[in-house]
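# Coordinate inspection notes
So the chains spell out like this:
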Amino acid sequence: IPFFLFLVLLPFSIPWMEVDSVWICVVHYLACLCPTVGSVVYHVFMNHVGGEHVYDTLLSLDMFGVCLVNTLG
């Protein structure tokens, strides 16, 4: 439930009319959602038939996304 509230309420906190390029707002919105979605996806695959390799790959992608978001804001 908190994720869906975040999904709905986040666009209201972005100053859409105050920026020159709307794409920056869209990228910011997606960047805020990606770490949460990535974490859910790799936790779902923890017990996947592919085993440890699939989990490690998804975990690496998730950590890369978290670092990217923290670096670029």
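Heads up: these notes are all about the structure in this document. Since we're looking at a predicted model, the values are computed, not measured. (Residues numbered from 1 in each chain as written. Predicted model: local features only at pLDDT ≥ 70, side-chain atom pairs only at ≥ 80, totals over all residues. Heavy atoms only, no water.)

### Structural notes on a nonpolar patch on the surface
A contiguous nonpolar surface patch, about 450 Å² in accessible area, is contributed by Leu5, Val8, Leu9 and Phe12. Its place among the elements puts phenylalanine 12 in helix 1 (residues 2-13). Judged by relative accessible area, phenylalanine 12 falls into the exposed class, the value being 71%. (Patch = residues over 30% accessible without salt bridge, like charges linked within 9 Å, V, L, I, M, F, W, Y side chains within 5 Å. Areas by Shrake-Rupley, 256 points an atom, 1.4 Å probe, with all protein chains shown as cover. Salt bridge = Lys/Arg side-chain N within 4 Å of Asp/Glu carboxyl O. Helix = DSSP H or I, 4+ residues; strand = E, 2+ residues; numbered from the N terminus. Buried < 20%, exposed > 50% of the residue type's maximum accessible area, 1.4 Å probe, protein only.)

### Examining the nonpolar core
Formed by Leu10, Ile14, Cys25, Tyr29 and Leu33, the largest nonpolar core amounts to five residues. Residues in contact with leucine 10, not counting those within four places in the same chain, are Leu5, Tyr29 and Cys32. (Core = buried A, V, L, I, M, F, W, Y, C linked by side-chain atoms within 4.5 Å. Contact = heavy atoms within 4.5 Å.)

### Looking at the environment of leucine 10
By the secondary structure assignment, leucine 10 is in helix 1. Expressed as a C-alpha distance, the spacing of leucine 10 and leucine 33, which sit 23 residues apart in the sequence, is 9.5 Å.

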